[in-house]
Amino acid sequence: MSDQTIESLSQEKRLFAPDAQFVKQANVSGMVAYQALCAEAQRDYSGFWARHAREQLTWQNPFTRVLDESNAPFFKWFEDGTLNASYNCLDRHLATQPDKIAIIFEADDGTVTRITYRELHRRVCMMANGLKSLAIKKGDRVLIYMPMSIEVVIAMQACARIGAIHSVVFGGFSAKSVHERIIDAGAVAVLTADEQMRGGKAIPLKTAVDEALALGGCECVKQVVVYRRSGGPVQWSDGRDRWLHDLVSNQPETCAPEWVSAEHPLFILYTSGSTGKPKGVQHSTAGFLLHAALTMRWTFDYKKHDVFWCTADVGWVTGHTYVCYGPLAVGATQIMFEGVPTYPDAGRFWRMIQDHQATVFYTAPTAIRSLIKLGATLPNNYDLSRLRILGTVGEPINPEAWMWYYETVGKSRCPIVDTWWQTETGGHLITPLPGVTPLKPGSCTLPLPGIMADIVDETGQSVEPGKGGILVIKRPWPSMLRTIWGNPERYKNAYFPEEFQGKYYLAGDGAMRDENGYYTIMGRIDDVLNVAGHRLGTMEIESALVANKLVAEAAVVGRPDDLTGEAVVAFVVLKQTRPMGEDAKAMVRQLQEWVSHEIGPIAKPKEIRFGENLPKTRSGKIMRRLLRDIAKGNEITQDVSTLENPAILQQLKDPQG
Ligand code: PRX
């Protein structure tokens, strides 16, 4: 985020109080109710979470222990209780609402498919039996690389039903990324599709899985199950590959859930960190599901007639918590969408809200900004009157985009919940509650009850209002990650650093609090970028670049971008002479393609600049601050006398190479 944006956010004085009628009907009704919940958590932290865990979840065996801190920071919640996530999402609704629509799925081409809770349960059971027939069992890891579809929810739920641990990889990631994750997780099977359809185009998925498996070292994978989405061409490896429809066709329609401990891993989801290798964030069953259900009720004020729509892909944590698990855990009807917001035109989201009568709509600021750009008045052409709550996630929203969302989409009637959270937190931690919190554009406002957030300086002392600092969470909470898969040391070092005596969870974000205690997120404090709400590690992109045989050295930084929040800028030293003019342009394209192939198109640098060297201190350290200034186009005002090679700055300032 730019200094200017931080400045404008800190000067933001507008407040939008919730409407009295809304407050009256809200699940958390008014500031007094919110404060009472916060006080309850302060008074009896374990009792508070135990109460919610009993109210929100159906247990096979109730827990007697709540929070175990004896092996901090490897916390355990509700450990001696047993339950099943898929039972909580499906079976427990069968008696009360079997014929309620669980998912309204709209495909890229506009075809709509609806599935009831009864039918979803039946299909999850058949899939679970199918997985069992492949000898997949409790604790096995299953990699899922599928498009947005009813089938991907069935696949995730079926894993949960048999106690297998899913690891979903976003369909936009490359074969290389799939390969890396298969090996790290030790996946026994891969569930994929022939192709995915986005914006009228077919994008192969099975081919990428074939490529990943051909890279070697994937002997752990015994089975590949393929959902036929498009009917496009696929290569086949007999014995290893099978069609999903064949696998499930003769399976029994019921499948007893595998009761697992509350702490049994529900899933692993890889996310970028500050080193080259993505981290497998491991979540538990009960704590995760509790927070998913609770925030559906608190943040989204879930009511049984709601039609909930979270636009996130299941490949991200938002799609785990607020597509696959949260809405089903509370028995909601939700919309799922295969395509992109701009196809066939930029009215797609608004048309879908109208046609499916969405009441809660949750999306990313980048999507909002791009839709403003492509058609700021388009929402006026649709009937959006059923909407009652709007939400944002994944990145800071600038007050201008917030105001547009509020006025043009929500017609100044709908509270906006700007939800701050992370892959690691499992669900919302800091967010307005729609029937409680006066809204301030650009601020994620206040922590949820039971979330002990703070902003501290390097010594761990709380900072005064109006000052920036490091965002921390001071007590463990049920939906936090439990570890990094296969790397407990990394978990400890990355999230519970020594500076704070290993006591505070370090979110990796800078933040500021105003005089009302409202939080504003100021962006990452580590080497992680946030591009279009997606996390990218600068080191990960650097490793990809230097893996190219033409590249000698690379440094990657972010710069502010009006649309995507941040953009990736790479500074590259080639093994050959520094290219100029057309040669430089061709080299830029070649390296962009390379990064797409290595990681995925989302990591592609927007800009690549070439130098004969990188600005380094005499001890050889790359001066990233200077690179950030160059990327932003700022004048370099700081002292460069410690630089080994000051002349290099001039070369790097010239974007043509
Ligand atoms: O920097 C914060 C930003 O996204 C990061 C988490 O990214 P990820 O794990 O991919 O999860 C995204 C979806 C939950 C955070 O460290 N971030 C997330 N939500 C917000 C945000 N920044 C500002 N405002 C938000 N509401």
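Scope of this entry: the structure provided in the associated data block. (Residues numbered from 1 in each chain as written. Predicted model: local features only at pLDDT ≥ 70, side-chain atom pairs only at ≥ 80, totals over all residues. Heavy atoms only, no water.)

### With respect to the site of the ligand
1) Next: Lining the immediate surroundings of the ligand are 17 residues, of which Asp-418, Thr-419, Thr-423, Asp-509 and Arg-535 lie closest.
2) Next: Burial of the ligand by the surrounding chains reaches 95%, relative to a free accessible area of 540 Å².
3) Next: Looking at the shell around the ligand, the elements that each hand over two or more residues are helix 12 (317–329), strand 20 (416–419) and strand 25 (519–524).
4) Next: Classifying every residue of the shell around the ligand gives six nonpolar, six polar and five charged. (Near = heavy atom within 4 Å. Areas by Shrake-Rupley, 256 points an atom, 1.4 Å probe, with all protein chains shown as cover. Helix = DSSP H or I, 4+ residues; strand = E, 2+ residues; numbered from the N terminus. Nonpolar A, V, L, I, M, F, W, Y, C, P; charged D, E, K, R; others polar.)

### Some details on the side chain of Thr-483
1) Next: One can find Thr-483 in strand 23 (residues 483–484).
2) Next: The exposure class of Thr-483 is buried, given its relative accessible area of 12%.
3) Next: Those residues in contact with Thr-483, other than ones at most four positions away along the chain, are Phe-74, Gly-280, Val-281, Gln-282, Pro-488 and Tyr-491. (Buried < 20%, exposed > 50% of the residue type's maximum accessible area, 1.4 Å probe, protein only. Contact = heavy atoms within 4.5 Å.)

### Digging into the nonpolar core
1) Next: If you look at the biggest cluster of nonpolar residues, it comprises 170 residues, and the most contacted ones within it are Phe-78, Leu-120, Ile-144, Tyr-325 and Val-572.
2) Next: Take this core: its biggest share by element is ten residues, from helix 7 (residues 150–162).
3) Next: Not counting chain neighbours up to four residues away, the residues in contact with Phe-78 comprise Trp-49, Ala-50, Ala-53, Trp-59, Phe-63, Arg-65, Val-66, Ala-262, Ala-286, Gly-287, Leu-290 and Pro-478.
4) Next: Ala-358, Ala-401, Ile-416 and Leu-439 belong to the second-largest nonpolar core, a separate cluster that totals 31 residues. (Core = buried A, V, L, I, M, F, W, Y, C linked by side-chain atoms within 4.5 Å.)

### Here we look at the pairing of strand 18 (residues 360–363)
1) Next: Burial of the side chains of strand 18 extends over both faces: Val-360 and Tyr-362 are buried on one face and Phe-361 and Thr-363 on the other.
2) Next: Pairing analysis gives three bridges linking strand 16 (residues 307–310) to strand 18, with the strands arranged parallel. In the strand pairing of strand 18, Cys-310 is matched with Tyr-362.
3) Next: Note that strand 18 and strand 19 (residues 389–393) share four bridges and pair parallel. Bridge pairing links Thr-363 to Thr-392 in strand 19. (Pairing = 2+ DSSP bridges.)

### So, the state of the cysteines
1) Next: Using the criterion set out here, one finds zero disulfides in the structure.
2) Next: Take Cys-220: it sits in no disulfide, and the sulfur closest to it among the cysteines is that of Cys-218, at 5.9 Å.
3) Next: Classification of Cys-220 as partly exposed rests on a relative accessible area of 26%.
4) Next: Cys-414 carries a free sulfur, and the closest cysteine sulfur to it, the one in Cys-310, is 17 Å from it. (Disulfide = S-S within 2.5 Å.)

### Remarks on the pattern of salt bridges
1) Next: Per the counting criterion, the structure on display carries 40 salt bridges.
2) Next: Notably, a salt bridge pairs Asp-241 with Arg-240, separated by 2.6 Å at the nearest N-O pair.
3) Next: Overall, the relative accessible area of 6% leaves Asp-241 in the buried class.
4) Next: Glu-424 is the partner of Arg-535 in a salt bridge, and the nearest nitrogen-oxygen pair spans 2.9 Å. (Salt bridge = Lys/Arg side-chain N within 4 Å of Asp/Glu carboxyl O.)

### Description of a positive patch on the surface
1) Next: On the surface, Lys-621, Arg-625, Arg-628 and Lys-632 cluster together into a patch of positive charge.
2) Next: The topology assignment puts Arg-625 in helix 19 (residues 624–632). (Patch = residues over 30% accessible without salt bridge, like charges linked within 9 Å, V, L, I, M, F, W, Y side chains within 5 Å. Lys, Arg positive; Asp, Glu negative; His and termini not counted. Charge placed at Lys NZ, Arg CZ, Asp CG, Glu CD.)

### A short note on the environment of Met-480
1) Next: Within the fold, Met-480 resides in the loop between strand 22 (468–473) and strand 23.
2) Next: Looking at Met-480, the relative accessible area reads 1%, which means it is buried.
3) Next: With 404 residues separating them in the primary sequence, Met-480 and Lys-76 have C-alpha atoms 10.0 Å apart.
4) Next: Ignoring anything within four residues of it in the chain, the contact list for Met-480 reads Phe-75, His-283, Glu-424, Thr-425, Tyr-491 and Phe-496.

### Topic: unusual backbone geometry
Across the chain, the bulk of peptide bonds are trans and the bulk of non-glycine residues have phi less than zero.
1) Next: Between Ala-72 and the following residue, Pro-73, the backbone shows a cis peptide bond with an omega angle of 0 degrees.
2) Next: Mapped onto the elements, Pro-73 comes out in the loop between strand 1 (67–68) and strand 2 (76–77).
3) Next: In this chain, Tyr-343 is followed by Pro-344 through a cis amide linkage whose omega measures 0 degrees.
4) Next: For Pro-344, the location among the structural elements is in the loop between strand 17 (333–337) and helix 13 (348–355).
5) Next: Residue Asp-301 is not a glycine yet carries a positive backbone phi of 50 degrees.

### Regarding the sheet that holds strand 4 (residues 101–106)
1) Next: Within the open sheet, the seven strands sit side by side as 5-4-17-16-18-19-20. Their pairing is mixed. Each edge of the sheet is formed by a strand with only one pairing partner; in this case those strands are strand 5 (112–116) and strand 20. Strand after strand, the sheet turns through a mean of 20 degrees between neighbouring axes, direction not considered.
2) Next: Pairing between strand 19 and strand 20: four bridges, direction parallel. (Axes fitted to C-alpha atoms, helices over the stretch in contact; angles between N-to-C directions.)

### Things to note about the pairing of strand 4
1) Next: Across the six residues of strand 4, five count as buried, placing the element largely inside the fold.
2) Next: As paired strands, strand 4 and strand 5 are joined by five bridges and run antiparallel to one another. Its bridge partner lying in strand 5, Glu-106 is registered against Val-112.
3) Next: Once strand 4 ends, the chain turns through five residues before running back antiparallel as strand 5, passing Gly-110 with a positive phi of about 95 degrees.
4) Next: Alignment of strand 4 against strand 17, held across four bridges, turns out to be parallel. Following the sheet pairing, Ile-104 is matched in strand 17 by Ile-335.

### So, helix 17 (residues 538–546)
Working note: α-helix, 3.6 residues per turn, so residues spaced by three or four point in the same direction.
1) Next: Residues of helix 17 that are buried include every one of Thr-538, Glu-540, Ile-541, Glu-542, Ala-544 and Leu-545, and no others.
2) Next: For helix 17, the elements touching its buried residues are strand 26 (528–531), strand 27 (534–537), strand 28 (551–561), strand 29 (565–574), helix 18 (581–598) and helix 19.

### Focus on the sheet that holds strand 25
Backbone hydrogen bonds are what pair the strands of a sheet, in a parallel or an antiparallel way.
1) Next: Sheet architecture is open: four strands sit in the order 21-22-24-25, paired in antiparallel fashion. At either margin of the open sheet sits one strand with a lone partner, and together these are strand 21 (453–456) and strand 25. In this sheet, adjacent strand axes meet at a mean angle of 45 degrees when their direction is disregarded.
2) Next: Inspection of the sheet shows strand 24 (residues 505–513) paired to strand 25 by five bridges, in the antiparallel sense.

### Quick look at the packing of aromatic side chains
1) Next: Under the definition given, this model contains 39 aromatic pairs.
2) Next: Look at Phe-170 and Trp-316: their rings are 4.7 Å apart centre to centre, the planes differ by 35 degrees, and that puts the pair in the tilted class. Here Phe-170 is found in the loop between strand 7 (165–168) and helix 8 (175–185), whereas its partner Trp-316 is found in the loop between strand 16 and helix 12, with 146 residues between them in sequence. There is no split in this pair, since Phe-170 and Trp-316 are both buried.
3) Next: One aromatic cluster is present, formed by Tyr-45, Phe-48, Trp-49, Trp-59, Phe-63, Trp-77, Phe-78 and Trp-298 through successive ring pairs. (Phe/Tyr/Trp six-rings, centres within 6.5 Å; stacked < 30°, edge-to-face > 60°.)

Geometric descriptors of this kind do not, in isolation, establish any biological role.
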